[in-house]
Amino acid sequence: MSLAGPDSSLTQLLEQGYCVVKDAAAPATIAALEADLAPIFDATPFGQGHFYGFRTKRFGSLLKRSPHARSLIMAPGILALADAILGEACDRIQLNVAQAIEIHPGEREQFAHRDHDMWAGVKGSHEFLVNVMWPLTRFTAVNGATRIYPRSHGKAGMARQDLDEPVVAACEPGSAICFLGSTAHGAGANRSQGVRRGLVVGYSLGWLKPYENNWLAYPPAVARHFSPDLAALVGYSQHRPNLGNYEGQCPSVLLRDDVPEHLGAVDALRPDQEAMIEEALGLVTAPL
Ligand SMILES: O=C(O)CCC(=O)C(=O)O
Ligand SMILES: [Fe+2]
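Since this is a predicted model, take the numbers as computed values, not measurements.

A. Highlighting the nonpolar core. By size, the foremost hydrophobic cluster in this structure holds 54 residues, and its most contacted members are Leu37, Trp134 and Tyr203. A per-element tally of this core places helix H5 (residues 76-86) first, with six residues. With 14 residues, the next largest nonpolar core counts Tyr18, Ala145, Ala169 and Val200 among its residues.

This is the structure we're talking about:
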């Protein structure tokens, strides 16, 4: 995060609905990741549908595809941005998606959309999602760089009748293009001769259903090799109170060597909830 520090990135994300963090990943990491993913792009069929596109390839499960995916997904500065945006509306954030996207020559411009529309419910009082596009190849105006509509975010942005001209997020691999779930955006048309490759890594409120089914992408046999913080980010954690439990316990119990056959349910409450219940039960002695 050399050119724009976390604070200025956060300010821009809050004010404009997006920011581009230069040098967020080392070139060697991106190169190694791209080398691991190249044969998977080759083997993956084109998608179908007017949203996914007919000249675009996508695949998920990135943590299974390359050992280098972890450092992007867990990039501390990016996680801090996601926490700063989403932390007010949840107890913990979660990985929402980690998907590779390859846009081929001839693909048309993607429909401009707000990613938070994947969830029903009233929007505008807080953000649901922070998305990060990591270019694997250079993103340019002609090869389909993500197009982002500045100030289209939040209650005020969503209420606007006319959007400003989109910003073309032209940038080099190593940059991180960050935008909010409420920010209108879409992939550009690829009018070049080469493919545009990138990753979308998203973080959402921990109490939402994640876009990618992380528990199937990373079942316990896979996730047990993750560090505890990564396993928690992909869903092996409870969102207090007690949400996402396995047999009434934290699902990380499934990552242990010895998973007991019978487990007792154990509360996982926020401190304020513990206090409220203890007070209601008369377990709290009033201060003298
Ligand atoms: O590939 C891109 O630049 C953006 C993709 C996107 O917005 C999406 O698939 O939701
Ligand atoms: Fe999107």
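Still to come is the rest of the account.
B. Here's a closer look at the site of ligand 1. With respect to spatial proximity, the complete set of residues near ligand 1 consists of Phe51, Arg58, Ile101, Gln110, His113, Asp115, Met133, Thr146, His185, Ala187 and Arg196. Residue His113 places a side-chain N or O atom 3.1 Å away from an oxygen atom belonging to ligand 1. Within the side chain of Arg196, a nitrogen or oxygen atom sits 2.8 Å from an oxygen atom of ligand 1. Burial of ligand 1 by the surrounding chains reaches 94%, relative to a free accessible area of 290 Å². In the shell around ligand 1, the residues fall into four nonpolar, four polar and three charged.

C. Spotlight on the pattern of salt bridges. Evaluation of the coordinates by the stated rule reveals 11 salt bridges. In this structure, Asp91 engages Arg240 in a salt bridge whose closest nitrogen and oxygen atoms are separated by 2.8 Å. With Asp91 in the loop between H5 and strand S3 (93-103) and Arg240 in the loop between helix H9 (228-233) and helix H10 (271-280), this residue pair connects regions lying 149 residues apart in the sequence. Note that Asp257 is salt-bridged to Arg224, the shortest N-O span being 2.6 Å. Residue Asp257 is located in the loop between H9 and H10, and its partner Arg224 is located in the loop between helix H8 (220-223) and H9; the two are separated by 33 residues in the primary sequence. Given a relative accessible area of 71%, Asp257 falls into the exposed group. Salt bridges sharing common partners tie together Glu34, Glu102 and Arg197.

D. Representation of the pairing of strand S7 (residues 176-180) in the model. The element S7 is largely enclosed, with a buried count of five among its five residues. Covered by surrounding structure in S7 are Ala176, Cys178 and Leu180 together with Ile177 and Phe179, the residues of both alternating faces. Of the strand pairs in this sheet, strand S4 (residues 129-135) and S7 are connected by four bridges, and their pairing is antiparallel. Paired with Met133 across the two strands is Ile177, which belongs to S7.

E. Local environment of the side chain of Asp115. Counting through the fold element by element, Asp115 comes out in the loop between S3 and S4. Filtering out sequence-adjacent residues up to four positions away, Asp115 remains in contact with Leu129, Asn131, Phe179, Gly181 and His185.

F. Summary view of the sheet that holds S3. Ordered in space as S1-S7-S4-S9-S3-S2, the six strands form an open sheet in which the pairing is antiparallel. Both outer strands of the open sheet, strand S1 (18-21) and strand S2 (56-59), are each paired with one neighbouring strand and no more. Across the sheet, the axes of successive neighbouring strands diverge by a mean angle of 20°, strand direction being ignored. As judged from the four bridges shared by S1 and S7, these two strands associate in the antiparallel manner. Paired with Cys19 across the strands is Cys178, a residue of S7. Across the sheet, helix H2 (residues 27-43) lies against S2, S3, S4 and strand S9 (196-205), angled at about 100° from S9, the strand it touches most.

G. Quick peek at the packing of aromatic side chains. Per the counting criterion, the structure on display carries five aromatic pairs. Ring geometry for Phe51 against Tyr52: centres 6.0 Å apart, planes inclined by 50°, an arrangement best described as tilted. When its relative accessible area of 34% is taken as the criterion, Tyr52 is described as partly exposed. Feature note: the residues Trp119, Phe128 and Trp207 constitute an aromatic cluster, connected by ring pairs.

H. Layout of a nonpolar patch on the surface. Together, Phe51, Tyr52, Phe111, Met118 and Tyr211 line one region of the surface with nonpolar side chains, adding up to about 490 Å² of accessible area. The topology assignment puts Phe51 in the loop between H2 and S2. Given a relative accessible area of 36%, Phe51 falls into the partly exposed group.

I. The arrangement of unusual backbone geometry in detail. Between Arg240 and Pro241 the backbone carries a cis peptide bond, its omega angle lying at 5°. Mapped onto the elements, Pro241 comes out in the loop between H9 and H10. One non-glycine residue, Ser61, lies in the positive phi region at around 55°. Relative to the assigned elements, Ser61 resides in the loop between S2 and helix H3 (62-65). For Ser61, a relative accessible area of 12% translates into the label buried. Even without glycine at this site, Arg151 takes up a positive phi of about 55°. Mapped onto the elements of the fold, Arg151 is located in the loop between strand S5 (147-148) and helix H6 (154-159). By relative accessible area, Arg151 is classed as partly exposed at 36%.

Rules of the game
- Residues numbered from 1 in each chain as written.
- Chains lettered and ligands numbered in written order.
- Predicted model: local features only at pLDDT ≥ 70, side-chain atom pairs only at ≥ 80, totals over all residues.
- Heavy atoms only, no water.
- Core = buried A, V, L, I, M, F, W, Y, C linked by side-chain atoms within 4.5 Å.
- Buried < 20%, exposed > 50% of the residue type's maximum accessible area, 1.4 Å probe, protein only.
- Helix = DSSP H or I, 4+ residues; strand = E, 2+ residues; numbered from the N terminus.
- Near = heavy atom within 4 Å.
- Polar contact = N/O pair within 3.5 Å; in protein donor to acceptor, adjacent residues only side chain to side chain.
- Areas by Shrake-Rupley, 256 points an atom, 1.4 Å probe, with all protein chains shown as cover.
- Nonpolar A, V, L, I, M, F, W, Y, C, P; charged D, E, K, R; others polar.
- Salt bridge = Lys/Arg side-chain N within 4 Å of Asp/Glu carboxyl O.
- Pairing = 2+ DSSP bridges.
- Contact = heavy atoms within 4.5 Å.
- Axes fitted to C-alpha atoms, helices over the stretch in contact; angles between N-to-C directions.
- Phe/Tyr/Trp six-rings, centres within 6.5 Å; stacked < 30°, edge-to-face > 60°.
- Patch = residues over 30% accessible without salt bridge, like charges linked within 9 Å, V, L, I, M, F, W, Y side chains within 5 Å.

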